[in-house]
Amino acid sequence: MRKEQISMESGRSMVEVLGVLALVGLLTIMGIIGIFFAIDKNMANTIVHDSKIAFMEMKTPSTKPSLEWSSILFQPVSQKTMTVRRDFLGRDFVKADNIDQGVCRQMLSMRVENVLNFYNLDNTEMTSCLETNDIIIDWNGFGPPAVCQTVSDCDVPNEPPFEGICSDQGQCQACPTYQKPNANRTACVCDPEQAVTCTLNQENWCCGPDLICGDTVGECIESNYTCAYNFYPNGAPGTIFYTDCSYVVSDQNNVSEYGGDCTYVIQETGDSNKWVDGTGTEQTIYKPASGNRFATAGKGCPANQYCAVLWVDDDGVWKAGETKTAPNNATGVLWGKCQMLSSYDQTPITKYKNGYGLVTVNQGCPADQYCAVLWTLQEWTPDIQTPKAPNDATGILYGRCQMLSAYEQEPLSKNEAGNTRYQVVQGCPANTYCYLNWETDTDCTTVSNDKTGTIYGACAQLNSRGTCPYEK
């Protein structure tokens, strides 16, 4: 009985044996996985290192980059096929081909924001890996390779033009729902046949069929097909009235001195001779007191001009407010002003304390336009009384440039909504318009032509008139 008991205690159960074998197998599998992980990690590091060398080689003067993928000039350590290209924006990229799934996953874990990223061949950011992968490696950190300079690069031969734009990053970017390219195909705008354009705080968004703009940026609400506008007598809130030309107007206090630029010396009258002419009339001729000519040129004028003698002064310079007009019998040094033979300007040469005239250009107009000076402020808002310039106004006066045949007395105006005389209280959906015709939103009293304030209406199809929706 004792021997039998000892035999049972010295043996191992089958469960224990199987457990040991399972543990050994698990450890073996984990070791194999660890080995493959290390191999993939090492290969990923090698490929990324090779790509960095290829990227830097693109910067050397001897490199002639191409818009097409071209072979690198060295044999990569990873033995992977690598090509390089320079995109439309002058950025360089490296492409590594036939990358195993495990290596690809290790590479994706190495991305660094704004430094290193990876893209699929369709320029989308790579977030997962297939069994084998061709990877665009971006060492610029600013996005995938640019594929367009203009939107025409996005067009496909024998197909309709691309319904989108070439973005600032050089990507062919399709326009969002309810939008289409503008006339120049440089930006996406709301499609007026499908959506209305909303603007608030310099932000734009589109609201699709049966929707109108909400009160916050990006908000669209369902329309009940009624509408209302506020009309203002002097500009909608947010309006800025502004000018585009100006003059500096000063008075006589701005004059520092007057003067002339040419002289004559006029002799006094000397002895006289008398004689009787053939008609029996006695005549008298006077001689210059010094025996020379009565008038002798002093400081002269250019050959094609003459000196209009007009003022008496010792040095030809006198202060503002002094009168120096030469009397008819003036003698001595007389001052004048050089001018063309066809003119006779009696205004002395004037020097000013500020500027170069009583009226000087501050901000001019194009060659074929003039400045209609009308206001004392450069810009103002509707809550300020219109700053019309009085006839005797001085200082900087502002105006509006216009064609020589026009005389527009209204200033230029602008505001965020683009409407300077009215503001939309409630608009209409796409493909309809607001038929404004009623004084209130409770009955159908027709509005007068000169009405300001809120005017109510009904949204109507473009080819029809609205009917009053406010009958109780």
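Right, let's talk about the overall build of the chain for a bit. Assigned secondary structure in the chain consists of 3 helices and 33 strands. By residue count, 32% of the 472 residues in the chain fall in the buried class. Within the chain, contacts between residues separated by at least 24 positions form 61% of all contacts whose residues are at least 6 apart in sequence. Summed over all atoms, the accessible surface of the chain reaches about 29900 Å², with 52% contributed by carbon and sulfur.

Judged by nonpolar contacts, the single largest core of 24 residues is most densely connected at Ile 47, Ile 99, Met 107, Phe 118, Ile 135 and Ile 137. Secondary-structure elements contributing two or more residues to this core are helix H2 (14-57), strand S2 (82-86), strand S3 (92-100), helix H3 (101-108) and strand S5 (132-138). Per-element tally for this core: the top contributor is H2, with 5 residues. Apart from residues lying up to four places away in sequence, Ile 137 is in contact with Ile 47, Ser 51, Phe 93, Val 94, Ala 96, Met 107, Leu 116, Asn 117 and Phe 118. Formed by 7 residues, the second largest nonpolar core is a distinct cluster that contains Val 255, Tyr 258, Ala 308 and Trp 318.

This part is about the pattern of salt bridges. Evaluated as defined, the whole model comprises 10 salt bridges. Between Asp 97 and Lys 95 there is a salt bridge whose closest N-O contact spans 3.0 Å. By the burial criterion, Asp 97 is buried, and Lys 95 matches it. The residue Arg 185 makes a salt bridge to Asp 155 at a minimum N-O spacing of 2.8 Å. Highlighted residues: Arg 185 in the loop between strand S8 (179-181) and strand S9 (188-190) and Asp 155 in the loop between S5 and strand S6 (164-166), separated in sequence by 30 residues. By relative accessible area, Arg 185 is classed as partly exposed at 23%. Shared partners join several salt bridges into a network, and the residues in it are Lys 59, Arg 86 and Asp 92.

In this section: the state of the cysteines. For the coordinates displayed, the defined rule picks out 14 disulfides. Here Cys 148 pairs with Cys 166 through a disulfide, and the sulfurs are 2.1 Å apart. Judged by the sign of its S-S torsion, about 100 degrees, the cystine formed by Cys 148 and Cys 166 is right-handed. Of this pair, Cys 148 sits in the loop between S5 and S6 while Cys 166 sits in strand S6, and the two are 18 residues apart along the sequence. The same class applies to Cys 148 and to Cys 166, which are both buried. For Cys 198, the disulfide goes to Cys 213, at an S-S distance of 1.9 Å.

As a further point, take the packing of aromatic side chains. Counting across every chain of the model gives 9 aromatic pairs. Between Tyr 229 and Tyr 422, the ring centres sit 5.4 Å apart and the planes meet at 35 degrees, which makes this aromatic pair tilted. Residue Tyr 229 is located in strand S14 (residues 226-231), and its partner Tyr 422 is located in strand S31 (residues 422-426); the two are separated by 193 residues in the primary sequence. When the centroid spacing of 6.1 Å and the interplanar angle of 35 degrees are considered together, the rings of Phe 241 and Trp 380 count as tilted. Of this pair, Phe 241 sits in strand S15 (residues 240-242) while Trp 380 sits in strand S28 (residues 379-380), and the two are 139 residues apart along the sequence. Exposure remark for Phe 241: the relative accessible area of 3% places this residue in the buried category. Assessed through its relative accessible area of 3%, Trp 380 is described here as buried. Linked through ring pairs, Tyr 435, Trp 438, Tyr 456 and Tyr 470 together constitute an aromatic cluster. Geometry around Trp 69 places Arg 85 over its ring, the cationic atom sitting 5.8 Å from the centre. The residue whose ring lies beneath Lys 95 is Trp 69, and the NZ or CZ to ring-centre distance is 5.7 Å.

Turning our eyes to something else, we now look at the side chain of Asp 313. Positionally, Asp 313 belongs in the loop between strand S22 (305-312) and strand S23 (317-319). According to the relative accessible area criterion, Asp 313 is buried, its value standing at 9%. What Asp 313 contacts, discounting residues up to four positions off in sequence, is Trp 318, Lys 324, Val 333 and Trp 335.

In terms of burial, strand S32 (residues 432-438) is a largely internal element, 5 of the 7 residues being buried. Relative to strand S33 (residues 453-461), S32 runs antiparallel, the two sharing 6 bridges. If you follow Cys 434 over to S33, its bridge partner there is Cys 459.

For the rest of this paragraph, the subject is the confidence of the model for the chain. Of all residues in the chain, 87% have pLDDT values of 70 or greater, and the mean over the chain is 85. In this model residues 1-10 is a low-confidence stretch, pLDDT under 50, and it forms 0 contacts with partners more than four residues away in sequence or in other chains.

Cut-offs and rules
- Residues numbered from 1 in each chain as written.
- Predicted model: local features only at pLDDT ≥ 70, side-chain atom pairs only at ≥ 80, totals over all residues.
- Heavy atoms only, no water.
- Helix = DSSP H or I, 4+ residues; strand = E, 2+ residues; numbered from the N terminus.
- Buried < 20%, exposed > 50% of the residue type's maximum accessible area, 1.4 Å probe, protein only.
- Contact = heavy atoms within 4.5 Å.
- Areas by Shrake-Rupley, 256 points an atom, 1.4 Å probe, with all protein chains shown as cover.
- Core = buried A, V, L, I, M, F, W, Y, C linked by side-chain atoms within 4.5 Å.
- Salt bridge = Lys/Arg side-chain N within 4 Å of Asp/Glu carboxyl O.
- Disulfide = S-S within 2.5 Å.
- Phe/Tyr/Trp six-rings, centres within 6.5 Å; stacked < 30°, edge-to-face > 60°.
- Lys NZ or Arg CZ within 6 Å of the ring centre and 35° of its normal.
- Pairing = 2+ DSSP bridges.
- pLDDT = per-residue confidence, 0-100.

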